[in-house]
Amino acid sequence: MRIVFMGTPDFAVPVLDALVAAGHDVVAAYSQPPRPGGRRGKELTPSPVQARAEALGIAVRTPTTLRDASAQAEFGALAADVAVVAAYGLILPQAVLDAPKHGCLNVHGSILPRWRGAAPIQRAILAGDAVTGVCIMQMEAGLDTGPVLLEGRMPIGDYDTAGVLAHRLSLIGARLMVQVLGDMSAYKPIAQSENGVAYASKVHKTEARIDWTLSARQVDRQIRAFNPAPGAWFEYQGERIRVHEARLQSLPDDLQNVTFATGPGVVIDDQLAIGCGEGAIRPLAIQRAGRGVMTSTELLRGFPIPPGTILE
């Protein structure tokens, strides 16, 4: 098929690769414009999709909007059979949705109608969902409201991070999209249920600050949901400390029934176990500002955080 691909982050790259491997003619790739990045945070860095498309010899377009007539005319002139969308990041106006012969198909990382919106993987982890999945959806004007053509499911493991889940789901989504495009007449659109609708709002950096008043299980979900980005963190001595990985920690017997007078956020041993609103958690992989990721033991050797310390 003659395809326009639209995507931006790493999640979308396996889908693009699968389309090319299946022999489809990807005539153009749309992606978000390059953003400041690099070691100094100033160099303009192309998105993962732009970098991969260019490596494959696919023409790349990075408009800041698709709402103006000229951008819509350029899109329509591609005369695509279908547009394949995976975490693109721009709203598609009706003129764009209608331009391809078979419309626009989206790879969405949740079991719709649960977690419509920008951050379905992170919200599923935060909510403690046991199962997630991917839907191949026919796009329409509403926010992820279109009918579903095919669905795949997978469990969320106790230690899965958003990054790990995104990679697995992208591989499933790539396979399902190729399956649908192989015989579109075999997959009839099924309207989404009106029950169980939940919205996955965009993740804000303010959410990444660890709230020690939550239960240890909720703090663990917060750490996993925001790995790799924006990264869960706490502050100590004016320095922001990111936690990449942690485990639930059993309290010592003599502390089981103690409610800390100073409240949650108390360091309770010399291995950096930290009290929460209920239970405790022990960071395993941790990072100081401007440093590499290290174990908690490595951190404490040069940056002591003694028992009894209260983390705000």
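Residues numbered from 1 in each chain as written. Predicted model: local features only at pLDDT ≥ 70, side-chain atom pairs only at ≥ 80, totals over all residues. Heavy atoms only, no water.

K.L.:
Help me understand the overall build of the protein in this model?
P.N.:
A tally of regular secondary structure across the protein gives eight helices and 16 strands. Here the protein holds 312 residues, and the buried ones make up 50% of them. Of the roughly 15,100 Å² that the protein leaves accessible, carbon and sulfur atoms contribute 51%. Side-chain charges in the protein split into 29 positive and 30 negative, and the spacing between the mean points of these groups amounts to 4 Å. (Helix = DSSP H or I, 4+ residues; strand = E, 2+ residues; numbered from the N terminus. Buried < 20%, exposed > 50% of the residue type's maximum accessible area, 1.4 Å probe, protein only. Areas by Shrake-Rupley, 256 points an atom, 1.4 Å probe, with all protein chains shown as cover. Lys, Arg positive; Asp, Glu negative; His and termini not counted. Charge placed at Lys NZ, Arg CZ, Asp CG, Glu CD.)

K.L.:
Any chance you could explain unusual backbone geometry here in plain terms?
P.N.:
For residues other than glycine, phi is negative in most cases, and the peptide bonds are mostly trans. Cis geometry marks the peptide bond from Asn227 to Pro228, where omega comes out at 20°. You can see Pro228 is positioned in the loop between α7 (216-225) and β12 (232-236). The backbone phi angle of Trp115 is positive, close to 65°, even though this residue is not glycine. You can see Trp115 is positioned in the loop between β7 (104-108) and β8 (116-117). Residue class for Trp115 comes out buried when judged on its relative accessible area of 12%.

K.L.:
I tried to follow the packing of helix α1 (residues 13-21) against helix α2 (residues 48-55) on my own but got confused; where do I start?
P.N.:
In helix packing, the relevant descriptors are the interaxial angle and the interaxial distance, both defined with respect to the helix axes. Look at α1 against α2: their axes get within 9 Å of each other, and the N-to-C directions meet at 25°. In terms of their interaxial angle, α1 and α2 are classed as roughly parallel. The handedness of the crossing between α1 and α2 comes out as right-handed. Along its contact with α1, which presents Val13, Leu16 and Asp17, the element α2 presents Pro48, Val49, Arg52 and Ala53. Classifying every residue of the contact of α1 with α2 gives five nonpolar, no polar and two charged. (Axes fitted to C-alpha atoms, helices over the stretch in contact; angles between N-to-C directions. Parallel < 35°, antiparallel > 145°, perpendicular 65-115°, else oblique. Left-handed = near helix turned anticlockwise from the far one by under 90°. Contact = heavy atoms within 4.5 Å. Nonpolar A, V, L, I, M, F, W, Y, C, P; charged D, E, K, R; others polar.)

K.L.:
What am I meant to see in the environment of Arg168 here?
P.N.:
Here Arg168 is to be found in helix α6 (residues 162-182). Measuring from C-alpha to C-alpha, the distance between Arg168 and Pro14 comes to 10.0 Å, with 154 residues separating the pair along the chain. For Arg168, the residues in contact, after removing those within four places along its chain, are Met154 and Asp160.

K.L.:
How should α6 be read in this particular structure?
P.N.:
Count 3.6 residues to each turn of an α-helix, and residues three or four apart come out pointing the same way. The end-to-end C-alpha separation of α6 is 30 Å, in line with the 30 Å expected for 21 residues at 1.5 Å each. Those residues of α6 that fall on the buried side of the exposure criterion are Ala162, Leu165, Ala166, Leu169, Ser170, Ile172, Gly173, Ala174, Leu176, Met177, Val180 and Leu181. (Expected span 1.5 Å × (residues − 1).)

K.L.:
For this particular structure, what's the right way to read the sheet that holds strand β10 (residues 148-155)?
P.N.:
If you walk across this open sheet you meet the seven strands as β5-β2-β1-β6-β7-β9-β10, and the pairing is mixed. Each edge of the sheet is formed by a strand with only one pairing partner; in this case those strands are β5 (60-61) and β10. (Pairing = 2+ DSSP bridges.)

K.L.:
In this structure, what is going on with the pairing of β7? I would like to understand it.
P.N.:
Here is the key point about a regular strand: its side chains alternate between the two faces of the sheet. Taken across its five residues, β7 has five buried, putting it largely inside the fold. Inspection of the sheet shows β7 paired to strand β9 (residues 131-138) by four bridges, in the antiparallel sense. Opposite Leu105, over in β9, you have Gln138 as the bridge partner.

K.L.:
Which parts of the structure should I look at to understand a nonpolar patch on the surface?
P.N.:
Among the surface-exposed residues, Leu143, Val197 and Tyr199 lie close enough to one another that they form a single nonpolar patch of about 280 Å² accessible area. For Val197, the position within the fold is in the loop between α6 and β11 (199-200). (Patch = residues over 30% accessible without salt bridge, like charges linked within 9 Å, V, L, I, M, F, W, Y side chains within 5 Å. Salt bridge = Lys/Arg side-chain N within 4 Å of Asp/Glu carboxyl O.)

K.L.:
What am I meant to see in the side chain of Thr309 here?
P.N.:
Relative to the elements of secondary structure, Thr309 occurs in the segment after α8 (296-302). At 2.6 Å, the side chain of Thr309 and the backbone oxygen of Pro306 are in polar contact. Aside from chain neighbours lying at most four places away, what touches Thr309 is Tyr236, Gly265, Val266 and Val267. (Polar contact = N/O pair within 3.5 Å; in protein donor to acceptor, adjacent residues only side chain to side chain.)

K.L.:
Any chance you could explain the nonpolar core here in plain terms?
P.N.:
A general trend in soluble globular proteins is that nonpolar side chains are found buried together. Within the largest apolar cluster, 49 residues are counted, with the highest numbers of intra-cluster contacts made by Phe5, Val84 and Leu181. Top element by residues in this core is α6. It accounts for ten residues. The contact partners of Leu181, leaving out residues within four places of it in the chain, are Met1, Ile3, Leu19, His24, Val82, Val84 and Leu105. (Core = buried A, V, L, I, M, F, W, Y, C linked by side-chain atoms within 4.5 Å.)

K.L.:
Looking at this model, I keep getting lost on the environment of Asn227. Mind explaining?
P.N.:
Looking at the element boundaries, Asn227 is found in the loop between α7 and β12. Leave out the neighbours within four places in its chain, and Asn227 touches Thr161, Ala162, Gly163 and His244.

K.L.:
Sorry if this is basic, but what is going on with the packing of α1 against α6 here?
P.N.:
Between α1 and α6, whose axes approach to 8 Å, the crossing angle comes to 35°. Relative to α6, α1 is oriented so that their crossing is right-handed. Contacts between α1 and α6 involve Pro14, Val15, Ala18 and Leu19 from the first element and Ser170, Leu171, Ala174, Met177, Val178 and Leu181 from the second. Residues of the contact of α1 with α6, tallied by class, amount to nine nonpolar, one polar and no charged.

K.L.:
Explain the packing of aromatic side chains here, please?
P.N.:
For any pair of aromatic rings, the description rests on two quantities: the centre-to-centre distance and the angle between the ring planes. One pass over the full model with this rule turns up three aromatic pairs. Consider the rings of Tyr236 and Phe303, whose centres lie 5.7 Å apart with planes at 85°: the pair is edge-to-face. On the criterion of sequence distance, the pair formed by Tyr236 in strand β12 and Phe303 in the segment after α8 is long-range, its members being 67 residues apart. Overall, the relative accessible area of 8% leaves Phe303 in the buried class. Arg240 extends its terminal NZ or CZ atom over the ring of Trp233, reaching a point 3.6 Å from the ring centre. The ring of Phe303 is capped by Arg288, whose NZ or CZ atom sits 4.0 Å from the centre of that ring. (Phe/Tyr/Trp six-rings, centres within 6.5 Å; stacked < 30°, edge-to-face > 60°. Lys NZ or Arg CZ within 6 Å of the ring centre and 35° of its normal.)

Any link to function would need more than the numbers given here.
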